[in-house]
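Tertiary structure, described
Each chain is listed here by its residues.
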Amino acid sequence: MQWILQEDKDNIPMAELLGRMGIAYSVHSKLRDVAVPDVVVDDPNRVVVFGYYSAQTFSRDRGYKPGVFELRPYVLEEAWQPYLLNPRAAATIVKVSDIGDRVSDDEKRYFVRPVEDSKTMSGTVLTGTELRAKAAAVMELPPERLVAGRLAPNTELLLSTPTTIQKEWRVWVVAGDVVTWSLYKMAGQMVVRQEIDEDALEFVRSMIKVNPDYSDAYVIDVCRTEDGLRIIETNCINASGYYDADLQKLIGAIEGLDPQNTSPWG
């Protein structure tokens, strides 16, 4: 497989490891409309791209396989509804353009994140006043300043009640198997270690089984709450922070995929 990496501090250890493993790779400061420097590809059917979310379009336009594994919105996956931290039945989905009519200008707190698998904004907790101000700022932008990959009037947001979380883990899934994992937060504080509670690991494996056709490769963030283990969200494996994941295992799992039998666009 040929690896294309976007220049980023998180990808430095990935590049170093690829080099030690003798796997072809290149690093680029830009992967959107063009690559800097330009990409030279031997076989577009054996290319994987790791970078920002903008690399999705770059990979798709060039027909790279497996390229970037794009995901369906996790919050719409029926199989996972009973296990989500913020299930659809307990949340509100609203466009940015409708926030002013649907959210009160007060101190009520909301957990907010995009419905689509994107980083148009990171999941966060905002008051009604803060959320309305953010939406108003977007609505005031002239059309020429509405950039792909940023919040826009038609961006759908998931709004739900914030929950107290005890621990949060990121787990990497490739070809239906758990490959590696990392603790990344405890009691709201960043704590990064390559560990996971045994019941949380089994929870992830059971989530893979109940939704086996979700994607050939993705990350799933899970957490422990007072009500038990829950799925926080899924994220694109090509554009997610590594925390303390075992990158050698991750590289090995992706190298083991057959590009002809994968579907980058879920």
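Attention in this report is confined to the structure presented alongside it. (Residues numbered from 1 in each chain as written. Predicted model: local features only at pLDDT ≥ 70, side-chain atom pairs only at ≥ 80, totals over all residues. Heavy atoms only, no water.)

With that settled, consider the overall build of the chain. Within the chain, the regular secondary structure consists of six helices and 15 strands. In summary, the chain has a C-alpha radius of gyration of 19 Å against a globular reference of 18 Å for 266 residues, a match within 12%. Counting only C-alpha atoms, the chain reaches 55 × 50 × 30 Å along its principal axes. Here the chain, with 266 residues, has 48% of them falling under the buried criterion. Accessible area of the chain: about 12800 Å², with a carbon and sulfur share of 47%. Averaged over its 29 positive side-chain charges, the chain has a centre that lies 2 Å from the centre of its 40 negative ones. (Helix = DSSP H or I, 4+ residues; strand = E, 2+ residues; numbered from the N terminus. Rg over C-alpha atoms; globule rule 2.2 N^0.38 Å. Buried < 20%, exposed > 50% of the residue type's maximum accessible area, 1.4 Å probe, protein only. Areas by Shrake-Rupley, 256 points an atom, 1.4 Å probe, with all protein chains shown as cover. Lys, Arg positive; Asp, Glu negative; His and termini not counted. Charge placed at Lys NZ, Arg CZ, Asp CG, Glu CD.)

Another aspect to go through is the layout of surface pockets. In this model, the largest pocket occupies a volume close to 910 Å³. Lys119, Ser122, Arg170, Glu233 and Tyr243 are the residues nearest the centre of the largest pocket, which is lined by 36 residues in total. Of all the elements in the fold, those that place two or more residues in the lining of the largest pocket are strand E8 (109-114), strand E9 (124-127), strand E11 (165-174), strand E12 (177-186) and strand E15 (228-235). A per-class count over the lining of the largest pocket returns 14 nonpolar, 13 polar and nine charged. (1 Å grid on protein atoms, 1.4 Å probe; cavity = no way out; pocket = protein on both sides within 12 Å on 5 of 7 lines; lining within 4 Å. Points joined across faces, edges and corners; volume = space filled by probe spheres on them. Nonpolar A, V, L, I, M, F, W, Y, C, P; charged D, E, K, R; others polar.)

Another point: the nonpolar core. Formed by 26 residues in total, the largest nonpolar core has its most connected members in Trp80, Tyr218, Ile220 and Ile231. Looking at which element gives the most residues to this core, the answer is helix H5 (residues 198-210), with six residues. Beyond its immediate sequence surroundings of up to four residues, tryptophan 80 is in contact with Tyr74, Met207, Val210, Asn211, Tyr214, Tyr218, Ile231 and Thr234. (Core = buried A, V, L, I, M, F, W, Y, C linked by side-chain atoms within 4.5 Å. Contact = heavy atoms within 4.5 Å.)

Turning our eyes to something else, we now look at the pairing of strand E5 (residues 47-50). The side chains of a regular strand alternate between the sheet's two faces. Of the two faces of E5, both are covered, the one formed by Val47 and Val49 as well as the one formed by Val48 and Phe50. Of the pairings in the sheet, the one linking strand E1 (residues 2-6) to E5 comprises four bridges and is parallel in character. By the bridge assignment for E5, isoleucine 4 is matched with valine 49. Pairing analysis gives two bridges linking E5 to strand E6 (residues 66-67), with the strands arranged parallel. (Pairing = 2+ DSSP bridges.)

Attention shifts here to unusual backbone geometry. With an omega dihedral of -10°, the bond running from valine 36 to proline 37 counts as a cis peptide bond. Its location among the elements puts proline 37 in the loop between strand E4 (35-36) and E5. With a phi angle near 50°, alanine 187 is a residue other than glycine that sits in the positive phi range. Its location among the elements puts alanine 187 in the loop between E12 and strand E13 (189-193). For alanine 187, a relative accessible area of 61% corresponds to the exposed category. Non-glycine residue tyrosine 243 carries a positive phi angle of around 50°. Inspection of the secondary structure puts tyrosine 243 in the loop between E15 and helix H6 (247-255).

Our focus in this paragraph is the packing of aromatic side chains. Under the defined criterion, the tally for this structure stands at seven aromatic pairs. Between tryptophan 3 and phenylalanine 50, the ring centres sit 5.3 Å apart and the planes meet at 20°, which makes this aromatic pair stacked. Remark: phenylalanine 50 occurs in strand E5 and tryptophan 3 occurs in strand E1; sequence separation between them is 47 residues. Taken together, the ring pairs in this structure connect Trp80, Tyr214 and Tyr218 into an aromatic cluster. When the ring centre of tyrosine 184 is taken as reference, the NZ or CZ atom of arginine 170 above it lies at 5.8 Å. (Phe/Tyr/Trp six-rings, centres within 6.5 Å; stacked < 30°, edge-to-face > 60°. Lys NZ or Arg CZ within 6 Å of the ring centre and 35° of its normal.)

Moving on to the pattern of salt bridges. This model, assessed by the stated rule, comprises eleven salt bridges. In this structure, arginine 60 and glutamate 70 form a salt bridge, with 2.8 Å as the shortest nitrogen-oxygen distance. Of this pair, arginine 60 sits in helix H2 (residues 55-61) while glutamate 70 sits in the loop between E6 and strand E7 (92-95), and the two are ten residues apart along the sequence. Given the relative accessible area of 36%, arginine 60 is considered partly exposed. Linked by salt bridges that have partners in common, Lys167, Asp197, Asp199 and Arg224 make up one network. (Salt bridge = Lys/Arg side-chain N within 4 Å of Asp/Glu carboxyl O.)

Right, let's talk about the sheet that holds E9 for a bit. Pairing is antiparallel in the open sheet, where four strands are placed in the order E7-E10-E8-E9. Each of the sheet's edge strands pairs with one partner strand only, and the pair in question is E7 and E9. For this sheet, the mean inter-axis angle between neighbouring strands, taken without regard to orientation, is 40°. Here four bridges tie E7 to strand E10 (residues 156-160), and the two strands are oriented antiparallel to one another. Among the inter-strand pairings, valine 94 is bridged to a residue of E10, identified as leucine 157. Of the strands in this sheet, E8, E9 and E10 are in contact with helix H4 (residues 128-139), which crosses E9 at around 100°. (Axes fitted to C-alpha atoms, helices over the stretch in contact; angles between N-to-C directions.)

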